[in-house]
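Summary of structural features
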Amino acid sequence: MEPPQKPGSEGEHALQCAYGTEERADRFYAEQVRGRLLPAMVDFVRRMEMVFVATSDAGGECDASLRSGPPGFLAVLDDRTLAYPEYRGNGVHASLGNISENAHVGLLMLDFERDRIGLHVNGTARIVEDADFHAERPGVPHDPAPGRRPERWVVVHVEEAYVHCRKHIPQMQRVPVRRSWGTDDPARKGGDYFGAKDTR
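What counts as what
- Residues numbered from 1 in each chain as written.
- Predicted model: local features only at pLDDT ≥ 70, side-chain atom pairs only at ≥ 80, totals over all residues.
- Heavy atoms only, no water.
- Helix = DSSP H or I, 4+ residues; strand = E, 2+ residues; numbered from the N terminus.
- Buried < 20%, exposed > 50% of the residue type's maximum accessible area, 1.4 Å probe, protein only.
- Contact = heavy atoms within 4.5 Å.
- Pairing = 2+ DSSP bridges.
- Axes fitted to C-alpha atoms, helices over the stretch in contact; angles between N-to-C directions.
- Phe/Tyr/Trp six-rings, centres within 6.5 Å; stacked < 30°, edge-to-face > 60°.
- Core = buried A, V, L, I, M, F, W, Y, C linked by side-chain atoms within 4.5 Å.

Attention shifts here to the overall build of the protein. When helices and strands are counted, the protein shows six helices and seven strands. Counted from the first residue to the last, the protein has its helices and strands arranged as α-α-α-β-β-β-β-α-β-β-α-β-α. Dimensions of the protein along its principal axes, counting C-alpha atoms only, are 60 × 45 × 40 Å. Split into buried and exposed, the 200 residues of the protein put 34% on the buried side. A fraction of 67% describes how many contacts in the protein between residues 6 or more apart in sequence connect residues 24 or more apart.

Next comes the structure, spelled out in structure tokens:
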């Protein structure tokens with residue numbers, strides 16, 4: 001009888017062996033890695049205001065991006081499915097382009113303020129237009145804020161969910177900020193902050 005396949009890649013398993021961390025890693029897999037969102041994870045996701053999204057194209061070229069919104073902008077559809085909205089952006093569609101070639105995504109949510117803890121969610125994604133998403137999921141509310149109407153959604157099937165250690169998460173404090181949702185004003189968007197426009 002085949003032993004149960006443990007989470008993770010062949011590469012990480014090989015390095016665990018090479019670096020002598022197999023026992024520690026196996027304990028983490030057994031105690032922390034789950035193939036669904038546990039109730040405490042669902043509560044955590046629903047209060048998040050941002051998520052880091054990691055994608056790669058068919059050739060393995062990577063991209064990491066930030067998505068944010070008010071608490072609840074990440075929709076938990078069930079314990080194996082969540083979705084996040086894609087608002088109007090710079091038109092590049094780096095993350096969506098990658099997902100269209102390679103459905104694997106990694107999501108990282110971090111609580112910098114209250115509990116200093118994080119949640120990893122790895123899975124496969126599909127892109128759904130806003131109208132189709134709401135036809136499939138009429139219970140997900142429409143965002144009433146001007147400039148925050150999603151154009152489409154990324155629906156993620158959860159394959160792994162696990163804690164991110166608080167040890168290296170900095171403590172941060174919330175400060176009031178006025179956001180310019182939906183603006184095309186380059187200055188309010190941060191435009192050429194790094195001075196790239198006039199360089200080759």
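Don't stop here, the text continues.
A separate point is the sheet that holds strand E2 (residues 62-68). One open sheet accounts for seven strands, arranged E2-E1-E5-E6-E7-E4-E3; its pairing is antiparallel. Unpaired on one side and paired on the other, E2 and strand E3 (75-78) mark the two borders of the sheet. Adjacent strand axes in the sheet meet at a mean angle of 35°, parallel and antiparallel pairs treated alike. Two elements, strand E1 (residues 50-56) and strand E5 (residues 104-111), share four bridges in a ladder whose sense is antiparallel.

Moving on: the pairing of E5. Of all eight residues making up E5, seven are buried, and the element is well covered by its neighbours. Inspection of the sheet shows E5 paired to strand E6 (residues 117-129) by eight bridges, in the antiparallel sense. Paired with Met109 across the strands is Leu119, a residue of E6. Between E5 and E6, which follow one another and run antiparallel, lie five residues, and Arg116 among them has a positive phi close to 45°.

Here we take up the packing of aromatic side chains. Tallied over the entire structure, the rule returns two aromatic pairs. Both rings, one in Phe28 and one in Tyr162, keep their centres 5.9 Å apart while their planes meet at 85°; by these two values the pair is edge-to-face. Of this pair, Phe28 sits in helix H2 (residues 22-32) while Tyr162 sits in strand E7 (residues 152-164), and the two are 134 residues apart along the sequence. Residue Phe28 is classed as partly exposed on the basis of its relative accessible area of 32%. An angle of 15° between the planes, with centres 4.2 Å apart, marks the rings of Phe133 and Trp153 as stacked.

By size, the foremost hydrophobic cluster in this structure holds 26 residues, and its most contacted members are Leu37, Leu74, Tyr84, Leu107, Met109, Val121 and Val156. Beyond its immediate sequence surroundings of up to four residues, Val121 is in contact with Leu37, Leu82, Val105, Gly106, Leu107, Met109, Val158, Glu160 and Ala161. Ala75, Ala83, Val128 and Trp153 belong to the second-largest nonpolar core, a separate cluster that totals eight residues.

In short, shape yes, function no, at least from these values alone.
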